[in-house]
Amino acid sequence: MKKAGKILGRILIGILIVAVVVVSAGLFYFKGYLPNTVAKESFPQIDGEIQVAGLDAPVDVYRDQMGIPHIYATTTHDIFFAQGYIHAQDRFWQMDTWRHIGSGELSEMFGAGQLETDTFLRTLGWRKTAEAEWEGLGPESRQLLEAYTEGVNAYLKDHSDTALSLEYAVLGLLSPDYVIEPWTPIHSLTWGKAMSWDLRGNMDEEIDRAELLKIMTPEQVAQLYPEYPQDHPVIVNQIPTEGQSSDASPKFGLAPFDYATLDLDPVSYNASLLDPLLGKLSDGIGSNSWAVSGELTDTGMPYLANDPHLGIQMPSIWYQVGLHCVEKSEACPFEVAGFSFAGVPGVIIGHNDRIAWGFTNVGPDVMDLYIEKVNPENSNQYEVNGEWVDFETYEETVNIVGGEPVTITVRKTRHGPVISESFGALKNEGDPDDKDFVPFKDRVGVDLPEQYVIALAWTALTPSTPFEAIWGFDKAQNWEEFREAASGFHVPAQNLLYADVEGNIGYQMPGDIPIRKNGDGTLPVPGWTDEYEWTGYIPFEELPYAFNPEEGYIVTANNQVNPWDYPHLITKDWDYGYRAQRIVDMIESAPGKIDVAYLQSMQGDSLDLGAQALLPYLEGVTIEDEQYNHRFTRESLLSWDYQSRADSHEAALYQWFWWNLVQNTLDDDLPESMSAAGGSKDFETMRHLVENPNDPLWDDKATENVVETRDDIYALSLIETVEQIEDSYGYDTTKWPTWGSLHTATFRNSTLGESGVSLIESLFNRGPFETGGGKSIVNATGWDVGVSFEVDWLPSMRMIVDLSNLNNSVTVHTTGQSGHAYHEHYADMAPLWANVEYYPMWWEQDSIVNDMEGHLVLKP
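Residues numbered from 1 in each chain as written. Predicted model: local features only at pLDDT ≥ 70, side-chain atom pairs only at ≥ 80, totals over all residues. Heavy atoms only, no water.

Chemist: Pulling in residues and values, what's your account of the overall build of the protein?
Modeler: Within the protein one finds 26 helices and 31 strands. Expressed as a percentage of the 860 residues in the protein, the buried residues total 60%. Counting contacts in the protein only where the partners sit at least 6 residues apart, residues at least 24 apart contribute 74% of the total. Put simply, the protein shows about 33,000 Å² of open surface, and 49% of that area lies on carbon and sulfur atoms. (Helix = DSSP H or I, 4+ residues; strand = E, 2+ residues; numbered from the N terminus. Buried < 20%, exposed > 50% of the residue type's maximum accessible area, 1.4 Å probe, protein only. Contact = heavy atoms within 4.5 Å. Areas by Shrake-Rupley, 256 points an atom, 1.4 Å probe, with all protein chains shown as cover.)

Chemist: Hey, could you go over the packing of helix α20 (residues 649-666) against helix α21 (residues 680-689) for me, with residue numbers and the actual values?
Modeler: Pairs of packed helices are described in terms of their axes, by the angle between the two and the distance that separates them. Contact pair α20 / α21: the axes reach a minimum separation of 12 Å and the direction vectors enclose 75°. Between α20 and α21, the angle falls in the class roughly perpendicular. Contacts from Tyr654, Trp658, Leu661, Val662, Thr665 and Leu666 in α20 reach Asp682, Phe683, Thr685, Met686 and Leu689 in α21. (Axes fitted to C-alpha atoms, helices over the stretch in contact; angles between N-to-C directions. Parallel < 35°, antiparallel > 145°, perpendicular 65-115°, else oblique.)

Chemist: Hey, could you go over the sheet that holds strand β17 (residues 494-500) for me, with residue numbers and the actual values?
Modeler: The strands that make up a sheet are held in pairs by hydrogen bonds between backbone atoms, and each pair lies either parallel or antiparallel. In space, the 11 strands of this open sheet follow the order β1-β31-β2-β3-β6-β7-β8-β9-β17-β18-β22, with mixed pairing throughout. For this open sheet the edge positions go to β1 (48-51) and β22 (545-547), each flanked by a neighbour on one side alone. Between one strand and the next, the sheet's axes are offset by a mean angle of 15°, whatever the strand orientation. In this structure, strand β18 (residues 505-508) lies alongside β22, joined through three bridges in antiparallel fashion. From the neighbouring strand, Gly506 faces β22, where its bridge partner is Phe547. Set on the sheet, helix α14 (residues 467-475) makes contact with β7 (335-340), β8 (349-352), β9 (355-361) and β17; between it and β9 the angle comes to about 150°. (Pairing = 2+ DSSP bridges.)

Chemist: With reference to specific residues and values, describe the environment of Asp700.
Modeler: Mapped onto the secondary structure, Asp700 falls in the loop between α21 and α22 (710-729). For Asp700 and Asp667, which are 33 residues apart along the polypeptide, the C-alpha to C-alpha distance reads 9.2 Å. Those residues in contact with Asp700 that sit more than four places away from it in its chain are Asp668 and Glu708.

Chemist: Give a description of the sheet that holds strand β15 (residues 418-420) that names residues and reports values.
Modeler: Sheet architecture is open: four strands sit in the order β15-β16-β10-β20, paired in mixed fashion. In this open sheet, the two strands that pair with only one neighbour each are β15 and β20 (525-526). Pairing of β15 with strand β16 (residues 452-458) involves two bridges; the strand directions are antiparallel. Along β16, the bridge assignment pairs Val418 with Ala455. Helix α9 (residues 203-212) rests against β10 (367-373), β15 and β16 of the sheet, and its axis sits at about 50° to β10.

Chemist: Let's hear about the pattern of salt bridges: which residues, and what values?
Modeler: Counted under the stated rule, the structure contains 28 salt bridges. The closest approach of N and O atoms between Lys328 and Asp353, which form a salt bridge, is 2.7 Å. Here the residue Lys328 occupies a position in the loop between β6 (319-325) and β7, and Asp353 occupies one in the loop between β8 and β9, the gap between them amounting to 25 residues. Judged by its relative accessible area of 36%, Lys328 falls in the partly exposed class. A relative accessible area of 25% places Asp353 in the partly exposed class. In this structure, Glu502 and Arg354 form a salt bridge, with 2.6 Å as the shortest nitrogen-oxygen distance. One end of the pair, Glu502, is in the loop between β17 and β18; the other, Arg354, is in the loop between β8 and β9, and 148 residues separate them in sequence. According to the relative accessible area criterion, Arg354 is partly exposed, its value standing at 28%. Salt bridges linked by common partners bring Asp231, Glu684 and Arg687 together as one network. (Salt bridge = Lys/Arg side-chain N within 4 Å of Asp/Glu carboxyl O.)

Chemist: A description of helix α16 (residues 578-588) should follow, citing residues and the corresponding values.
Modeler: The α-helix winds at 3.6 residues per turn, so residues separated by three or four positions along the chain end up facing the same way. For α16, the buried fraction is high: nine of the 11 residues fall into the buried class. Residues of α16 that are buried sit in contact with β4 (287-292), β5 (303-311), β23 (553-556), α17 (596-603), α18 (609-614) and α21.

Chemist: Break down the nonpolar core for me, with residues and values.
Modeler: Core analysis: the largest hydrophobic core is formed by 161 residues, its most contacted members being Phe341, Phe473 and Leu858. Apart from the residues lying within four places of it in its own chain, the contact partners of Phe473 are Asn352, Ile355, Trp357, Phe359, Phe482, Ala485, Ala486, Phe489 and Leu496. With 53 residues, the next largest nonpolar core counts Trp640, Leu653, Leu670 and Ile713 among its residues. (Core = buried A, V, L, I, M, F, W, Y, C linked by side-chain atoms within 4.5 Å.)

Chemist: How would you explain the side chain of Asn629 if you had to name every residue and give the values?
Modeler: By the secondary structure assignment, Asn629 is in helix α19 (residues 628-638). The class of Asn629 is buried, set by a relative accessible area of 6%. Separated by 3.2 Å, the side chain of Asn629 and the backbone oxygen of Tyr731 make a polar contact. When sequence neighbours within four positions are dropped, the list of residues in contact with Asn629 reads Val722, Glu726, Tyr731, Thr733 and Trp736. (Polar contact = N/O pair within 3.5 Å; in protein donor to acceptor, adjacent residues only side chain to side chain.)

Chemist: Describe helix α2 (residues 76-103), with residues and values.
Modeler: With 28 residues, α2 extends only 28 Å from end C-alpha to end C-alpha; this falls clearly short of the ideal 40 Å at 1.5 Å per step. Within α2, the axis deviates most sharply at Arg91, by approximately 100°. The buried fraction of α2 is high, at 27 of 28 residues. Among the residues trailing α2, Gly104 stands out with phi positive, at a value near 65°. (Expected span 1.5 Å × (residues − 1). Bend = angle between axes of the 7 residues up to and from the residue.)

Chemist: Please provide a residue-by-residue account of empty space enclosed by the protein, values included.
Modeler: Applying the stated criterion across every chain yields a total of nine cavities of 30 Å³ or more. In this structure, the largest cavity occupies an estimated 230 Å³ of space. Residue lining of the largest cavity: 21 residues in total, with Met195, Leu199, Phe341, Phe359 and Gln494 positioned closest to the centre. Elements with a minimum of two residues in the lining of the largest cavity: α8 (185-198), β5, β9 and α14. (1 Å grid on protein atoms, 1.4 Å probe; cavity = no way out; pocket = protein on both sides within 12 Å on 5 of 7 lines; lining within 4 Å. Points joined across faces, edges and corners; volume = space filled by probe spheres on them.)

Chemist: Explain the pairing of strand β2 (residues 59-64) to me, using residue names and the numbers behind them.
Modeler: Taking burial as the measure, the six residues of β2 include five buried ones, the bulk of the element. Relative to strand β3 (residues 69-73), β2 is paired through four bridges, and the arrangement is antiparallel. Residue pairing in the sheet places Val61 in a bridge with Ile71 of β3. What sits between β2 and β3 in their antiparallel hairpin is a turn of four residues, with Gly67 showing a positive phi close to 85°.

Chemist: Kindly report on the packing of aromatic side chains, identifying the contributing residues and their values.
Modeler: All chains considered together, the criterion is met by 41 aromatic pairs. Grouping aromatic residues by their ring pairs yields a cluster made of Trp357, Phe359, Phe473, Trp479, Phe482, Phe489, Tyr498 and Phe547. The aromatic ring of Phe391 is capped on one face by Arg411, whose charged end is 4.1 Å from the ring centroid. Between Lys681 and the ring centre of Tyr225, over which it is positioned, the NZ or CZ distance is 4.6 Å. (Phe/Tyr/Trp six-rings, centres within 6.5 Å; stacked < 30°, edge-to-face > 60°. Lys NZ or Arg CZ within 6 Å of the ring centre and 35° of its normal.)

Chemist: Now, about unusual backbone geometry: what can you tell me, with residues and values included?
Modeler: With an omega of -5°, the peptide bond between Met314 and Pro315 qualifies as cis. Within the element layout of this structure, Pro315 appears in the loop between β5 and β6. The amide bond that connects Val491 to the next residue, Pro492, takes the cis arrangement and shows omega of 0°. Its place among the elements puts Pro492 in the loop between α15 (479-486) and β17. Positive phi values are uncommon outside glycine, yet Asp625 reaches one of about 55°. Along the chain, Asp625 falls in the loop between α18 and α19. A positive phi angle, near 60°, is found at Asn705, a position not held by glycine. When you line up the elements, Asn705 lands in the loop between α21 and α22. Note on Asn705: relative accessible area 83%, which makes it exposed.

Below, the structure is given as structure tokens:
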């Protein structure tokens, strides 16, 4: 027994030694070898000369102290060739991931775990749409994309695996058979589809309304989806009547359909598959932009400010760049600087030598869900106006790294792809023997189908790339040329803000906005008749625009675009205008002429108008057995200046209180699958509710024989807030948190940074960084009520363009120029961004050269 014990002991010691060696080796590999040795293999050359086949002439690439490249070339071909080369130098992993998302080929990188996501992406058909777009492009656009593609592939020719990015070292462990393929123009075009999805509009609200109608009356649903408030600003106050239709009044109203048994879970689930990759579409996500005319500024010329709000990610979604023809001419017309997407040629947002422009999302209703009646005797057919027709079908093969290919079948109706395969028998709700039972047909006048699927109509699935319009902006020299380019911007529709060096400011809404025969797009509709068909799109000439409005400014913040008497329906689901109202207030109350410093303070403003509307009702609330910390919290909130700054203790108290208040008020009335999001829609709902302290929504359905009022829910929410903070931070209020300590931003790599393996995540993720701001605040740093105070969407960049002196413009984006972990420019912008600080947006070549950290010459 002693001998056996010694043997067992030696075995255990041996196992322990092996484990220690393995763990130590693993720690050394991930903590030492990868960051200190392998990571540096991918750092780009930024000085000297590189000989590259395919160029017409030498190209100069100056990188400033923030690592931003400024490209000077003699031909259009060489500008975009060099941009492709530089994008690949700094961001190829991001480009590679994005092209696999756009083509539904994630399984080729990450294995069978992505098959479900790829299946949904193939069903949407982004790549097929992009291929059709390529066939329809004119020669100039094709040449531009081909030059860019040549540049990317020139870099890939001499670099592979870890020489491209550190992520490939980890991917080699997970997917050793993965092979990097050459870039193609289609890969660039598919990213337009991904961005259209990211900014897709109201499909989620359409699903939520249908779910709510299962348990609520239309009047109750309307309380949760209030109309846009008439005391908040619209973007365009008046549209010239010339060219406007007189008979374009939309026909609104609910569809004649029973939503009680409509199964939308498969649609919601499929849509959610893209959330980890592209970010979750949250209530309140959007952007800010405003232009002020020279009448209001210190220079006598316009300023244009823009901060697009997108999901938090690492690296930044934006890649800043300057593209300069050495001698600007008709053959080489580009002189532009701003923000690009890695993988796409050109500048998306920025300025050229004559004009500046910015984007915010319109959020138009360009997606409709159609309930298609399926033939009970032949599931390959669906009904159209009383006749059975065949589904359009085609097969897609999904290649899986390290596994066997999988073939899927995609089905389409006349409206679009079938995005749910939910064949469920729809039933009448209730007991037929009940004396109050009324069959569905008698209630709404139409029979439900025995079997159905749900098809998606979406304007982004019609071939049309936004990038041709963007390349037009890059070259436009005036308002007329800008509008001409905007007419080709079909989807995703953006609020296009404009200013120029002649002193003009302008606004144009573009996009393909459906005109519906019936309905208002807020709910799924029957697809088996023509009753709810799209009859066309709003003509571009009739879309809202403004030029040099008498107010002297234009503000866009995802608020209602059109004036109240506009004849067309754009959407019923606007952001509710809290950010827009605050921006207008700050412009109109400016202490003097508006300058760059004031614009910076505006972008960093954290005033919470929702709190301003809700907190005064706390004053008269009675709290039984009130303790010191209850009084302290109430007094702190009532004396607060409503600014959600990072260093504010009062802001932390309010946001915690808001979490409890909105959930205590609304969640008991919602289906189990839904929860109050706490964004602008909920602010507006609560703003109306507080005026009626006995509204049924205040009552807590979980309590029996008690009917709660507004003051009861306020008291409960305050008590819960104090108890929860005490549990986490103790009873000493001096040790309670600031808002910034709760509301942190951690930038995560959207693939390996979400792996769940801490050693891998630590390689690529950076943070946390304390931030201010919040939902429906100008400094729009979003978070999820009921989940975490952590930032999940944010101002992805901030830009202020000075049209009196373009070289005086300033900017910042979220992480850094480089996509290479451990590079000095991987996260050097993050502290600046978190503190709402800026760096110069250099324009003049002398300034660029004086601030230069590297000068690379690409030679043919």
